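Each chain, letter by letter, is given below.
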Amino acid sequence: MNTDTLITLLRESQHEVHRHQYSHALKLIRDAKIIDLHNLYLSAMEQFVATLPYPSSADFTADKAAENEQILSLMIDRVVNDRERRGAKRSEGMNAPDERTLLLEKVKNQYFQRADEFIEAKEFGRAMEEIQRVYFFDPQNFVAKEYQQKIGQLADLNKK
């Protein structure tokens, strides 16, 4: 897929962050990661969005939200620049990801997507189960750890 598709996904995710629809933004970022698996800035962007506070959170302020949107814009620029830089070097021997790696990313994305659906349905136990499945493929997944924390926080808030 080309850079235009990547940019479209990232701009849509930025729009979702602006609307505080973080789970939708994360899905779009994960789709972008499948396009460009070797882009470290995409992983950083995913981690950044996974840690954003929801408007109902005590950590949320309008000023901080505006600052986060600026940071996100800069990250998108970095993603695109890194893709173009590596595209130029690709002819020098950098390999494209293999089928197995792509398949594993898609499976992990499905677990995250199902977890998002369970979170929206306030089924936090089932959401946590989906996140645990990510660790089978990627035991050190930072985003899964962030999800676990958020699910725990949301479950606590829902009990009150």
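The structure reproduced in this document is the subject of the present report. (Residues numbered from 1 in each chain as written. Predicted model: local features only at pLDDT ≥ 70, side-chain atom pairs only at ≥ 80, totals over all residues. Heavy atoms only, no water.)

Here we come to the packing of aromatic side chains. Two aromatic rings, taken as a pair, are described by how far apart their centres are and by the angle between their planes. Under the definition given, this model contains four aromatic pairs. With a centroid separation of 5.1 Å and an interplanar angle of 85 degrees, the aromatic rings of Phe 136 and Phe 137 are classed as edge-to-face. (Phe/Tyr/Trp six-rings, centres within 6.5 Å; stacked < 30°, edge-to-face > 60°.)

Turning to helix 7 (residues 142–159), a few remarks are in order. With 18 residues, helix 7 extends 26 Å between its outermost C-alpha atoms, agreeing within 8% with the 26 Å of an ideal straight helix rising 1.5 Å per residue. Within helix 7 the residues assigned to the buried category are Val 143, Ala 144, Glu 146, Tyr 147, Lys 150, Ile 151 and Ala 155. Where the residues of helix 7 are buried, they touch helix 2 (22–35), helix 3 (40–50), helix 5 (99–120) and helix 6 (124–137). Among the residues of helix 7, the N-terminal cap falls to Asn 141, whose side-chain oxygen and the backbone nitrogen of Val 143 are separated by 2.9 Å. (Helix = DSSP H or I, 4+ residues; strand = E, 2+ residues; numbered from the N terminus. Expected span 1.5 Å × (residues − 1). Buried < 20%, exposed > 50% of the residue type's maximum accessible area, 1.4 Å probe, protein only. Contact = heavy atoms within 4.5 Å. Polar contact = N/O pair within 3.5 Å; in protein donor to acceptor, adjacent residues only side chain to side chain.)

Glancing now at the layout of surface pockets. Its boundaries defined by the atoms lining it, the largest pocket holds a volume of some 430 Å³. Along its surface, the largest pocket is lined by 19 residues, and Ser 23, Tyr 54, Ile 119, Glu 120 and Leu 154 are the ones closest to its centre. Of all the elements in the fold, those that place two or more residues in the lining of the largest pocket are helix 2, helix 3, helix 5 and helix 7. A breakdown of the residues in the lining of the largest pocket according to their chemical character gives ten nonpolar, five polar and four charged. The residue makeup of the lining of the second largest pocket, split by class, is five nonpolar, five polar and three charged. (1 Å grid on protein atoms, 1.4 Å probe; cavity = no way out; pocket = protein on both sides within 12 Å on 5 of 7 lines; lining within 4 Å. Points joined across faces, edges and corners; volume = space filled by probe spheres on them. Nonpolar A, V, L, I, M, F, W, Y, C, P; charged D, E, K, R; others polar.)

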